[in-house]
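# Analysis of the macromolecular model
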Amino acid sequence: MKKISLALAAVVLLGSCVSKKKYVELQQAHGETKSQLTKTAVEKEELEAKFAKIEARVADYNSKITALTEDNDAKLISADGAVISNNVKAKMRETLKNVSPEQLMGAKTLKDSMNLALSHNLKKSIGTNSLNEDDDIAIDIDDTVVMISISDKLLFNTASYNVSNKADAILQKLADVINSEPSIEVMVEGHTDARSISTPKVTDNWDLSVLRATSIVRKLQTKYNVAPEKLIASGRSSYKPLASNDSKEDRAKNRRTRIVILPNIDKFFALMASNE
């Protein structure tokens, strides 16, 4: 009986020793797993940090690419004596879709297309659809200079240098253009036909051409809030005619006011195109 008891005790003791060993092994395995998880978590954080840096770099590159594209679109390009940006070129193409095929056929160069698009938008914006395209308003571009020639009948009463109410719409639009860009200057040139004039208030055509220019300048300043330091008034008398003075029609062409502005072409076109 005693031997059996001893044998059973040995078996129990042996079983107890094996369980403890396994327990230690399990503890070690648990520690290793925990250590591995910690290592993995650290590696995950490091990878996330690297990925965030990569994402930031990609975003930075995309931003630079976008900026370069926008900068390229805004850069002025020169062709056919005209200076224009890609942005304006795109707007110009949209505008030309509204121009008649007959007019488009006459636009052989980039400069021709710019003149046609600007003329279309300016005339549309001031409601001059019934005007004669060649005689009443003519727009031309020479590099970044916009020259607008306006018939006297749109600005003045007959044989007068007083600005008529008919001129309000076009002067308002011109003032908007001038005021849109702080750096531009504007020269207003008065032109007459060759017929002589002499009145108590007007000595000759030199006098009349200058008086008409100063009348426009004064109205731009006082009624439309154009800064006077941006304005220049000048008169050319009858010495820069567009046509001969031999007929009534030709003399009408020569009686005009030319407004020369140095604008930001993009802003000028955007303002005109806003009325499309």
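Note that this is a predicted model, so its numbers are computed, not measured. (Residues numbered from 1 in each chain as written. Predicted model: local features only at pLDDT ≥ 70, side-chain atom pairs only at ≥ 80, totals over all residues. Heavy atoms only, no water.)

A separate point is the packing of aromatic side chains. In the structure shown here, the tally under the stated rule is one aromatic pair. Taking 5.5 Å as the distance between ring centres and 35° as the angle between the ring planes, the aromatic pair formed by W206 and Y239 counts as tilted. Taken together, the residues span a long stretch of sequence, with W206 in helix α7 (residues 205-222) and Y239 in the loop between β6 (231-235) and α8 (248-254) at a distance of 33 residues. Judged by relative accessible area, which is 44%, W206 ranks as partly exposed. (Phe/Tyr/Trp six-rings, centres within 6.5 Å; stacked < 30°, edge-to-face > 60°. Helix = DSSP H or I, 4+ residues; strand = E, 2+ residues; numbered from the N terminus. Buried < 20%, exposed > 50% of the residue type's maximum accessible area, 1.4 Å probe, protein only.)

It is worth spelling out the side chain of D193 at this point. By the element assignment, D193 lies in the loop between β5 (186-191) and α7. A polar contact of 3.1 Å, which involves the side chain of D193, links it to the backbone nitrogen of R195. One polar contact links D193 to R255, side chain to side chain, over a distance of 2.8 Å. Ignoring anything within four residues of it in the chain, the contact list for D193 reads N205, S238, N245, R251, N254 and R255. (Polar contact = N/O pair within 3.5 Å; in protein donor to acceptor, adjacent residues only side chain to side chain. Contact = heavy atoms within 4.5 Å.)

Okay, the environment of V163 next. The topology assignment puts V163 in the loop between α5 (152-155) and α6 (168-179). Measuring from C-alpha to C-alpha, the distance between V163 and S215 comes to 6.6 Å, with 52 residues separating the pair along the chain. Not counting residues within four places of it along the chain, the set of residues in contact with V163 comprises L155, F156, L171, S215, I216 and K219.

Quick look at the nonpolar core now. I150, L171, I216 and L220 are the most contacted members of the largest nonpolar core, which totals 37 residues. Excluding anything up to four places from it in sequence, I150 contacts D136, L155, I170, L174, R256, T257 and I259. (Core = buried A, V, L, I, M, F, W, Y, C linked by side-chain atoms within 4.5 Å.)

The next point concerns unusual backbone geometry. Phi is positive for N225, close to 60°, though the residue is something other than glycine. Since its relative accessible area comes to 60%, N225 is described here as exposed. Of note in the backbone geometry, S237 takes a positive phi value of approximately 55° without being a glycine. Assignment of secondary structure puts S237 in the loop between β6 and α8.

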